[in-house]
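Structural overview
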Amino acid sequence: MQTISLKLPESLLLRLEEESRARGLNKSVLIREALERALSEPVAGEKPSCADLAWDLAGSIQGLPKDIAKNPKYLKGFGE
């Protein structure tokens with residue numbers, strides 16, 4: 001893993017240290033999590049896709065066949 005350095009205002013550093021202690025994680029982990037979230041969000045003005053909006057719903061309905069999206073018998077009439 002590469003190492004970088006960055007400058008933080010004192011107030012942000014204090015918040016980072018508090019969160020680190022509260023969650024029992026080191027500061028690097030928290031910064032990586034924040035970067036992942038920030039970089040995965042859509043660019044301002046860009047409309048999210050249906051998949052972006054419904055990602056948390058995928059697999060949430062229990063009892064459906066595992067091959068529902070691929071098996072032709074379930075797709076009969078789809079899109080008509």
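Everything below is about the structure shown above.
Everything numeric in this text was worked out from a predicted model, so none of it was measured. (Residues numbered from 1 in each chain as written. Predicted model: local features only at pLDDT ≥ 70, side-chain atom pairs only at ≥ 80, totals over all residues. Heavy atoms only, no water.)

What follows is about helix α1 (residues 10-23). In a regular helix each residue adds 1.5 Å, so 14 residues correspond to 20 Å; α1 covers 20 Å between its end C-alpha atoms and thus fits that length. The positive-phi residue at the C-terminal boundary of α1 is Gly24, with phi of around 70 degrees. (Helix = DSSP H or I, 4+ residues; strand = E, 2+ residues; numbered from the N terminus. Expected span 1.5 Å × (residues − 1).)

Take Leu13: it is sitting in helix α1. The class for Leu13 is partly exposed, based on a relative accessible area of 26%. Linking Leu13 and Ser49, residues 36 residues apart in sequence, is a C-alpha distance of 35 Å. (Buried < 20%, exposed > 50% of the residue type's maximum accessible area, 1.4 Å probe, protein only.)

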